[in-house]
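Residue-level structural notes
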Amino acid sequence: MSETEIIRKLQQGNEQAFKELVENYQKLVVNTCFGMVHNIEDAEDIAQEVFIEVFRSIHKFRADSKLSTWLYRMSVNRSLNFIRDNKRSKWFQSFEDSVQSKNAVHENLINKNTDHPGFELENSQRAKLLHEAIDSLPQNQKVAFTLSKYEELSYQEISGVMELSVSSVESLIHRAKKNLQKKLYVCYKKRCI
Amino acid sequence: MKCKTLHKDLIFFLEKELPEKEMELVKTHLAECSNCALFAEEMKKTLGILEAERSPAVNPFFYTRLKAKIENREPEIKQVFWKPELVRVLQPVLFSVLLILGIYTGIKIGQPTPAQMISVNAADQEIISFLNEMDSEPIEGFLME
Ligand SMILES: [Zn+2]
């Protein structure tokens, strides 16, 4: 099924079309959410909400826009909402929960390098440092940087998702990199790894 | 090039985004300054995490979980979404049944049953026989009395 056909059938309430849409875009949505929240379980939960929203509002989808642009935008917005809500409830999170979520963050990396325990630990610390640095960026810088790095989108595509000019996106990513560099340098000086 | 200048541009060097001339300057400095070279190596490793994380494993149960979530939590959506398949099949069937029923009752009403016809004819005959009886009574008889 082509993209237009999937959308047309989806608007008619065809379940097979929905299944195909999920299969085609699952990776895109989960990966984008993962870039924003750095936890695979949370990313999958948010991705499911994105797909529920897709068929709730598929009738609103206009044929002149790209389905992927729409999905990226929903993934980013849902992730930002999740981060905002999570910050509020963090006060009540138990120590055990926080340990579990940290383990989940690096599960992916560790699975890839099971034969090098030293490498694992170093990489998991490195991932934590990088995620903290990315999370400390101003929101728009973080979104632009994540779309560019995790999904390898062009500035043009990011400008479509974020509804900003291409030059604004370019400037956001430039500033994001400068800020990351600054944070990584501070850490290097402190020998935090 | 000073170490401080290098720190400002190192990330762009690693991303190969600097003009060629500046790329060369950074390269030369890194070859001479072990401190900057070490930082460059650290930063390269840390940014390399992004590449490792780029494609998380695809969860094969994602759709099953999603469908279960929809069915459990969103009955109103389920109704809108999963039913049309069934409705599309059942609607024509229901309409056909109604149409056939309609035609059948139409025929039934329009075509009076033989029993009804008999009773109507019987009533007619009763009236006729009554009139005949009147005929048979000679009018003269009244006048004579
Ligand atoms: Zn130096």
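Residues numbered from 1 in each chain as written. Chains lettered and ligands numbered in written order. Predicted model: local features only at pLDDT ≥ 70, side-chain atom pairs only at ≥ 80, totals over all residues. Heavy atoms only, no water.

Residue and element names in this part refer to chain B. Distances from the zinc ion to its protein donors, Cys3 (SG), His29 (NE2), Cys33 (SG) and Cys36 (SG), fall at 2.1 to 2.4 Å. Coordination at the zinc ion comes from 4 donor atoms whose angles at the metal span 105 to 113°, giving a geometry best classed as tetrahedral. Read in sequence order, the donor residues coordinating the zinc ion give the pattern C-x25-H-x3-C-x2-C. Placement of the pair is cysteine 3 in helix α1 (residues 3–14) and cysteine 33 in the loop between α2 (20–32) and α3 (34–53), with a sequence separation of 30 residues. Accessibility expressed as a relative area gives 32% for cysteine 3, which makes it partly exposed. Using a relative accessible area of 15% as the deciding quantity, one classes cysteine 33 as buried. (Donors = N, O, S within 2.8 Å, 3.2 Å for Na, K, Ca; no water. Tetrahedral: all angles 85-135°; square planar, octahedral: opposite > 155°, others 65-115°. Helix = DSSP H or I, 4+ residues; strand = E, 2+ residues; numbered from the N terminus. Buried < 20%, exposed > 50% of the residue type's maximum accessible area, 1.4 Å probe, protein only.)

Residue and element names in this part refer to chain B. Between its first and last C-alpha atoms α3 spans 29 Å; for 20 residues at 1.5 Å apiece the expected length is 28 Å, and the two agree. Residues of α3 that are buried include every one of Cys36, Phe39, Ala40, Met43, Thr46, Leu47, Ile49, Leu50 and Glu53, and no others. All buried residues of α3 lie within an arc of 160° about the axis, which places them on one face of the element. Among the exposed residues of α3, those pointing more than 90 degrees away from its buried face are Ser34, Leu38, Lys44 and Glu51. (Expected span 1.5 Å × (residues − 1). Arc of directions from axis to C-beta.)

Attention shifts here to the interface of chain B and chain A. Tallying the contact residues gives 41 residues for chain B and 46 residues for chain A. For the pair chain B and chain A, the two sides together bury roughly 4,500 Å², of which 60% comes from carbon and sulfur. On the surface where chain B and chain A come into contact, there are 9 salt bridges. Linking Lys177(A) and Glu15(B) is a salt bridge whose minimum nitrogen-to-oxygen distance equals 2.8 Å. In this assembly, chain B and chain A are joined by 23 residue pairs in polar contact (both at pLDDT 80 or more). Only α1, α3, α4 (62–73), α5 (75–82) and α6 (84–110) of chain B provide two or more residues apiece to the side of chain B that touches chain A. (Contact = heavy atoms within 4.5 Å. Buried area = accessible area lost by both parts, 1.4 Å probe. Salt bridge = Lys/Arg side-chain N within 4 Å of Asp/Glu carboxyl O. Polar contact = N/O pair within 3.5 Å; in protein donor to acceptor, adjacent residues only side chain to side chain.)

A few words on the environment of Thr46(B). Within the secondary structure, Thr46(B) sits in helix α3. For Thr46(B), a relative accessible area of 3% puts it in the buried group. Excluding its chain neighbours within four sequence positions, the residues that come into contact with Thr46(B) are Arg126(A), Leu129(A), Leu130(A) and Leu184(A).

The next thing to look at is a nonpolar patch on the surface. On the surface, a cluster of nonpolar side chains totalling about 590 Å² of accessible area is made up of Val93(B), Leu94(B), Phe95(B), Val97(B), Leu98(B) and Leu101(B). Structurally, the position occupied by Leu101(B) is in helix α6. (Patch = residues over 30% accessible without salt bridge, like charges linked within 9 Å, V, L, I, M, F, W, Y side chains within 5 Å. Areas by Shrake-Rupley, 256 points an atom, 1.4 Å probe, with all protein chains shown as cover.)

When the parts come together, some accessible area is lost, and that loss is often what is quoted as the size of the interface. All names here are of chain A. For chain A, the assigned domains read domain 1 (1–85) and domain 2 (89–193). Contact residues are listed per partner, giving 19 residues for domain 1 and 20 residues for domain 2. Taking both sides of the interface into account, the surface hidden between domain 1 and domain 2 amounts to around 1,600 Å²; carbon and sulfur atoms contribute 59%. Contact with domain 2 buries area across many residues of domain 1, yet His38, Tyr72 and Arg73 alone supply 35% of it, more than any other trio. Put simply, domain 1 and domain 2 have 1 salt bridge between them. In this structure, arginine 73 engages glutamate 163 in a salt bridge whose closest nitrogen and oxygen atoms are separated by 3.9 Å. Our enumeration of links across domain 1 and domain 2 arrives at 7 residue pairs in polar contact (both at pLDDT 80 or more). Of all the secondary structure elements, the ones that give two or more residues to the side of domain 1 that touches domain 2 are α2 (15–37), α3 (40–56) and α4 (67–89). Partitioning the side of domain 1 that touches domain 2 into residue classes produces 8 nonpolar, 6 polar and 5 charged. (Domains from an automatic or database assignment. Nonpolar A, V, L, I, M, F, W, Y, C, P; charged D, E, K, R; others polar.)

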